[in-house]
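# Breakdown of the fold
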Amino acid sequence: MTEFSEWFHNILEEAEIIDTRYPIKGMHVWLPQGFKIRKHTLNILKEILDEDHEEVLFPLLIPEDELAKEAIHVKGFESEVYWVTHGGLTELNKKFALRPTSETAMYPMFSLWVRSHTDLPMKFYQVVNTFRYETKHTRPLIRVREITTFTEAHTVHATREEADMQVKRAIEIYETFFHELGIPYTISKRPEWDKFPGADYTMAFDTLLPDGKTLQIATVHNLGQTFAKTFNITYEALEGEHEYAYQTCYGLSDRVIASIIGIHGDEAGLCLSPAVAPYQMVIVPIIFKKGGEEVLDFCRKLEEKLKGEGFRVHFDDRDIRAGKKYYEWEMRGVPLRLEVGPRDIANKKVVTVRRDNGEKEFMDFNPETFIEDITSLMEKINIDMNKKAWKSFEDEIRTVESIEEVKKTMDELGGIISFDWCGDESCGKDLEETAGVDVLGIQSESEDGKVCMNCGKPAKHVALMAKTY
Ligand SMILES: Nc1ncnc2c1ncn2[C@@H]1O[C@H](COS(=O)(=O)NC(=O)[C@@H](N)CS)[C@@H](O)[C@H]1O
Ligand SMILES: [Mg+2]
Ligand SMILES: [Zn+2]
């Protein structure tokens, strides 16, 4: 996959994920196949979030004066906000922003809802579209202007410690989610100059696409009391005095779908994990002259049986060559193909072929064990795809000792570089400039005696850098 972005654009079209021909740049149409992948992906995330969050839905439009309230926040978004200026033929006396993210939509309401410490903690999320007039190169699913699958969570707490704990909880939530999807990642604390506008600090998940560039696939922000002070979110504490609340917010987007497609895909096309595949299995009948009816009949029963067990199955009974079917369903990333011919029926076998590693198996079609065998095969595919993705990801994380090595590594290999850093903004910026990379963030503290790879001062942190989207 030397030309990843060409492969990526082609597969989005060939596998009918989205249609990028919609006449607004950076805004695309979810086609049925893509919509199903998105639906299954969101169901996994919502199941996790629903354990300790409430789902809500806020309006799309944000009054200009609310958006402008938090100075740093609005500064960070002012160049990206779309505005509504008219209602029909009437010019609005106050402009409305299309939400770029929903802090300034939600927090005026949180100010009304939070009265006493007994109202806390509050943990909400919503799955909405948000709008950002991205000026950098837009790319389908990766950098869009309508973020159609923006899942944002916002929490309110009585103490700083609780908010810090919630950041850790949010990180756990995303770790669980990405493991279910088989997406590898590093987690790092963004440098001061690259944190969410208005946040105390930002923790970010970065994954790697096949072209060696990292993609920020989720972020968790500790907002401290900044927004609470701006939007007057206070609660009556035990002794009756009023305290400003502490907040966090965290989110991810369509980029998760881009990662599923880009990381697991290969020359044959999509490779979907059973967790998100629209069809988890496709049944292909092997028809010869005679015995055709018997095979078709057997396959229909097999499809019913598997559907009855809750699997997402498709019986492809089109009158075309089996090979053409194999090509199509492999391109669409169906995790498992079941081939059934007259001999297999006679031997009470079903041939299974895995999309992720091509493994072929003659599975006993024994009513007692078949469903169990299929279920464990599906789980094995999920686990193996996760392991494979993590293995190739970890192979792309390298440690370097000098700037010369950074440029060489970045130009020839891409990937993520781990290095000892002093933590100074001037040094970090200088490093980004000279090496043409981004400092992703801080991962851990440096060992004693280590010096900064860029400036030679005593190193404080082990940090990561990469070429990013
Ligand atoms: N233009 C974009 N296209 C696709 N995904 C995007 C875009 N901009 C941001 N994202 C994704 O959305 C995530 C959350 O956006 S954010 O600005 O970092 N954080 C927030 O907006 C906070 N309110 C938490 S939801 C990012 O981590 C990134 O994965
Ligand atoms: Mg942005
Ligand atoms: Zn330094």
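Model, not experiment: these values are computed from the prediction.

## With respect to the UniProt feature "domain: Aminoacyl-transfer RNA synthetases class-II family profile" (unreviewed entry) in the protein
Within this structure's numbering, the places UniProt gives as "domain: Aminoacyl-transfer RNA synthetases class-II family profile" (unreviewed entry) are residues 36-278. Its end C-alpha atoms 6 Å apart, residues 36-278 is made of 30% helix and 32% strand.

## Notes on the domain arrangement of the protein
It is common to give the size of an interface as the accessible area that goes away when the parts come together. Taken domain by domain, the protein comprises domain 1 (4-264), domain 2 (281-376) and domain 3 (397-466). For domain 2 versus domain 3, the distance between C-alpha centres works out to 51 Å.

## Notes on the coordination of the zinc ion (ligand 3)
For the zinc ion (ligand 3), the protein coordination sphere consists of Cys422 (SG), Cys427 (SG), Cys452 (SG) and Cys455 (SG), at 2.3 Å. The coordination sphere of the zinc ion (ligand 3) comprises 4 donor atoms, whose angles at the metal cover 104 to 119°; the geometry is tetrahedral. When the donors of the zinc ion (ligand 3) are listed by position in the chain, the intervening gaps give C-x4-C-x24-C-x2-C. Within this pair, whereas Cys422 is found in the loop between β21 (416-421) and α14 (425-435), its partner Cys455 is found in the loop between β22 (438-445) and β23 (461-466), the two being separated by 33 residues in sequence. The class of Cys422 is buried, set by a relative accessible area of 2%. Here Cys455 falls in the partly exposed class, since its relative accessible area comes to 37%.

## Observations concerning helix α13 (residues 403-412)
Where α13 is concerned, the buried positions are Ile403, Val406, Thr409 and Met410. Projection of α13 onto a plane perpendicular to its axis shows the buried side chains occupying an angular sector of 120°, all on one side. Residues of α13 that are exposed and angled more than 90 degrees away from the buried face: Glu404, Lys408, Asp411 and Glu412. In this fold, the buried residues of α13 make contact with β20 (397-399), β21, α14 and β23. Immediately beyond the C-terminal end of α13, within one or two residues, lies Gly414, with a positive phi of roughly 70°.

## Side note on a nonpolar patch on the surface
Judged by side-chain polarity, Tyr22, Ile24 and Val29 come together as a nonpolar surface patch covering roughly 250 Å² of accessible area. If you trace the backbone, Ile24 turns up in the loop between β1 (18-19) and β2 (29-30). Judged by relative accessible area, which is 39%, Ile24 ranks as partly exposed.

## Some remarks on a negative patch on the surface
A grouping of Glu47, Asp50, Glu54 and Glu180 is seen on the molecular surface, where their side chains present a negatively charged patch. Following the sequence through the fold, Glu180 ends up in helix α6 (residues 160-181). Given a relative accessible area of 39%, Glu180 falls into the partly exposed group.

## Overview of the pattern of salt bridges
When the charged atoms of two side chains lie near each other, side chains of opposite charge can form a pair. Within the structure shown, the criterion is met by 33 salt bridges. Among the salt bridges present, the one from Lys75 reaches Glu78, with a minimum N-O distance of 2.6 Å. Note that Glu134 is salt-bridged to Arg143, the shortest N-O span being 3.5 Å. Given a relative accessible area of 14%, Glu134 falls into the buried group. For Arg143, a relative accessible area of 12% translates into the label buried. It is possible to trace a salt-bridge network through shared partners that takes in Glu16, Asp316, Arg318, Lys325, Glu328 and Arg332.

## Here we look at the sheet that holds strand β16 (residues 313-315)
One open sheet holds the 5 strands; their spatial order is β16-β15-β17-β18-β19, and the pairing between them is mixed. Of all strands in the sheet, those bounded by a partner on one side alone are β16 and β19 (360-364). Shown here is a sheet whose adjacent strand axes are inclined to one another by a mean of 25°, direction ignored. Together, β15 (281-285), β16 and β17 (336-340) form the strand contacts of helix α10 (residues 322-331), whose direction differs from that of β15 by roughly 175°.

## Considerations on the sheet that holds strand β5 (residues 83-87)
Backbone-to-backbone hydrogen bonds pair the strands of a sheet. The strands run either parallel or antiparallel. Sheet architecture is open: 3 strands sit in the order β4-β6-β5, paired in antiparallel fashion. In the strand order of this sheet, the two ends are held by β4 (61-63) and β5, each with one partner. On average, each strand axis in the sheet is tilted by 50° relative to the strand beside it, whichever way the strands run. Judged from the 4 bridges that link them, β5 and strand β6 (residues 90-98) form a sheet pairing that is antiparallel. Among the inter-strand pairings, Trp83 is bridged to a residue of β6, identified as Ala97.

Reading the values: the criteria
- Residues numbered from 1 in each chain as written.
- Chains lettered and ligands numbered in written order.
- Predicted model: local features only at pLDDT ≥ 70, side-chain atom pairs only at ≥ 80, totals over all residues.
- Heavy atoms only, no water.
- UniProt positions renumbered as here; feature names shortened; annotations may be inferred.
- Helix = DSSP H or I, 4+ residues; strand = E, 2+ residues; numbered from the N terminus.
- Domains from an automatic or database assignment.
- Donors = N, O, S within 2.8 Å, 3.2 Å for Na, K, Ca; no water.
- Tetrahedral: all angles 85-135°; square planar, octahedral: opposite > 155°, others 65-115°.
- Buried < 20%, exposed > 50% of the residue type's maximum accessible area, 1.4 Å probe, protein only.
- Arc of directions from axis to C-beta.
- Contact = heavy atoms within 4.5 Å.
- Patch = residues over 30% accessible without salt bridge, like charges linked within 9 Å, V, L, I, M, F, W, Y side chains within 5 Å.
- Areas by Shrake-Rupley, 256 points an atom, 1.4 Å probe, with all protein chains shown as cover.
- Salt bridge = Lys/Arg side-chain N within 4 Å of Asp/Glu carboxyl O.
- Lys, Arg positive; Asp, Glu negative; His and termini not counted.
- Charge placed at Lys NZ, Arg CZ, Asp CG, Glu CD.
- Pairing = 2+ DSSP bridges.
- Axes fitted to C-alpha atoms, helices over the stretch in contact; angles between N-to-C directions.

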